[in-house]
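Architecture and fold: a report
Here's the letter readout for the chains.
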Amino acid sequence: VVGGVPGQPVYSAATGGYVGGLWPQWEDLMTQGGRRRSPPAFCAANGDSDPFVWRERVEGMLEGYCSQFLWEKGVGHDFPASWRRYLVHWAKELCGGLLR
């Protein structure tokens, strides 16, 4: 999960920005494992000041899966280069060196 699993805010012309939002029940789309040899793995990189990514919901949804989280303090709805490096490193470790 790159850049977070967001709620769905709505643009408000009155405020000139995004407001509110809802949780689209992402959990209902998650696999229960089935006949997989290994469970799916997730790495979520987010800013802890992002109003569109609800930390408690994301962590709850990924509980029970092989999950790793990066919550960068003071960062909002951004995607800095440091997250790309973090995610690439995670993917390489997950794949046991198969990725270059």
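So, here is what we can say about the structure in this document. (Residues numbered from 1 in each chain as written. Predicted model: local features only at pLDDT ≥ 70, side-chain atom pairs only at ≥ 80, totals over all residues. Heavy atoms only, no water.)

**Overview of the overall build of the chain**
Rules: For helices the rule is a DSSP run of H or I covering at least 4 residues; for strands it is a run of E covering at least 2, with both sets numbered from the N terminus onward. The contact criterion used is simple: two residues touch if any of their non-hydrogen atoms lie within 4.5 Å. Residue burial considers only the protein chains on display, and all accessible areas are found by Shrake-Rupley using a 1.4 Å probe.
Across its full length, the chain holds two helices and four strands. Its helices and strands taken in sequence order, the chain reads β-β-β-α-β-α from the N to the C terminus. The long-range share in the chain, meaning contacts at least 24 apart out of those at least 6 apart in sequence, stands at 62%. Accessible surface for the chain amounts to roughly 6,900 Å². Of this, 53% is attributable to carbon and sulfur atoms.

**Details of the side chain of Asp 50**
Condition: Relative accessibility decides the category of a residue: with a 1.4 Å probe and only protein chains considered, values under 20% of the type maximum give buried, values over 50% give exposed, and everything between is partly exposed. His is not counted here, nor are the chain ends, while Lys and Arg score as positive and Asp and Glu score as negative. By definition here, a salt bridge exists when the distance from a side-chain nitrogen of Lys or Arg to a carboxyl oxygen of Asp or Glu is within 4 Å. A 3.5 Å cut-off defines polar contacts: any pair of N or O atoms within that distance qualifies, except that in protein one atom must be a possible hydrogen donor and the other a possible acceptor, and neighbouring residues in sequence count only when both atoms are side-chain atoms.
For Asp 50, the position within the fold is in the loop between strand 3 (41-47) and helix 1 (55-62). Buried charged residue Asp 50 carries no salt bridge. Nearest counter-charge: Arg 55, at 12 Å. A polar contact of 2.8 Å, which involves the side chain of Asp 50, links it to the backbone nitrogen of Phe 52. With near-sequence residues (within four places) excluded, Asp 50 lies in contact with Val 75, Gly 76 and His 77.

**Description of helix 2 (residues 81-94)**
Under the convention used in this document: Under the convention used throughout, the expected extent of a helix is 1.5 Å for every residue step, that is, one less than its residue count. This arc is built from the directions going out from the helix axis to the C-beta atoms.
Here helix 2 contains 14 residues, and its C-alpha end-to-end distance of 20 Å stays within 8% of the 20 Å for a straight helix at 1.5 Å per residue. Taken together, the buried positions of helix 2 are occupied by Trp 83, Leu 87, Trp 90 and Ala 91. In a view along the axis of helix 2, the buried residues occupy a sector of 95°, so they form one face of it. In this structure, helix 2 carries Arg 85 and Glu 93 as exposed residues pointing more than 90 degrees from its buried face. Residues of helix 2 that are buried sit in contact with strand 3 and strand 4 (66-72). Looking one or two residues beyond helix 2, the residue adopting positive phi is Gly 96, at roughly 60°.

**Some details on the nonpolar core**
The nonpolar side chains of soluble globular proteins are, as a tendency, buried together. To be explicit about the condition: Working definition of a nonpolar core: buried Ala, Val, Leu, Ile, Met, Phe, Trp, Tyr and Cys residues. They are joined through side-chain atoms within 4.5 Å.
Listed in full, the 10 residues of the largest apolar core are Val 5, Trp 23, Met 30, Phe 42, Val 53, Val 58, Met 61, Leu 62, Tyr 65 and Trp 71. Tallying contributions element by element places helix 1 first for this core, with three residues. Listed in part, the seven residues of the second largest apolar core include Cys 43, Val 75, Trp 83 and Leu 87.

**Considering the state of the cysteines**
Our working rule: Disulfides are defined as cysteine sulfur pairs within 2.5 Å.
Under the definition given, this model contains zero disulfides. Among the cysteines around Cys 43, which has no disulfide bond, Cys 66 carries the closest sulfur, lying 9.7 Å off.

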